[in-house]
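The primary structure of each chain is shown beneath.
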Amino acid sequence: MCFYRADDLQVHMRTHYKQSKCVCTECGIGFSTPDKLAKHTRSHDVNTDTPCDTCEKSFVSKLQYHDHCGHEHGQQFPCKLCGKFKDSKYWLEKH
């Protein structure tokens, strides 16, 4: 992972060391902002609506599902311009 500013790296590192003020009460993962914690908290909701076709996990959003497929099941999306691969269609479009 690459960070362009030292501040971004410090915010990211707080999530690893639980120095964040925004900590999930379910699993203890720390987040840099309340918005990120709120988004994560939805992942603990049993009413998830996007199931994985390969394993038994379900996801709150399609973005989470596509990220999961890329990381867990090796699904890759090639860029037609440069040939690089991304883990999800979302990250391919951002690229």
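Under an unreviewed UniProt entry, the name given to the chain is Gastrula zinc finger protein XlCGF29.1, and the source organism is Mizuhopecten yessoensis.

Novice: Describe the environment of Phe77, naming the residues involved and giving the relevant values.
Specialist: In this fold, Phe77 is placed in strand S5 (residues 77–78). The class for Phe77 is buried, based on a relative accessible area of 12%. Those residues in contact with Phe77 that lie beyond four places of it in its chain are Lys84, Phe85, Lys86, Asp87, Ser88, Lys89 and Leu92.

Novice: Any chance you could break down the UniProt feature "domain: C2H2-type" (unreviewed entry) in the chain for me, citing the residues and the numbers?
Specialist: As annotated by UniProt and renumbered to match this structure, "domain: C2H2-type" (unreviewed entry) occupies residues 22–44. Between the first and last C-alpha atoms of residues 22–44 the distance is 16 Å; the span itself is 35% helix and 17% strand.

Novice: Tell me about helix H3 (residues 62–73), and please be specific about residues and values.
Specialist: Taking 1.5 Å as the rise per residue, H3 with 12 residues should run 16 Å; its terminal C-alpha atoms sit 15 Å apart, in good agreement. Among the residues of H3, Tyr65, Asp67, His68, Cys69 and Gly70 are the ones counted as buried. Those residues of H3 that are buried are in contact with strand S3 (50–51), strand S4 (58–59) and helix H4 (89–94). Two residues or fewer past H3, Gly74 is found with a positive phi of approximately 70 degrees.

Novice: Could you give an account of the environment of Thr50, with specific residues and numbers?
Specialist: Topologically, Thr50 is positioned in strand S3. With 12 residues separating them in the primary sequence, Thr50 and Lys62 have C-alpha atoms 6.5 Å apart. Residues contacting Thr50, with those up to four places away along its chain left out, are Lys57, Ser58, Phe59, Val60, Ser61, Lys62 and Tyr65.

Rules behind the numbers
Residues numbered from 1 in each chain as written. Predicted model: local features only at pLDDT ≥ 70, side-chain atom pairs only at ≥ 80, totals over all residues. Heavy atoms only, no water. Helix = DSSP H or I, 4+ residues; strand = E, 2+ residues; numbered from the N terminus. Buried < 20%, exposed > 50% of the residue type's maximum accessible area, 1.4 Å probe, protein only. Contact = heavy atoms within 4.5 Å. UniProt positions renumbered as here; feature names shortened; annotations may be inferred. Expected span 1.5 Å × (residues − 1).

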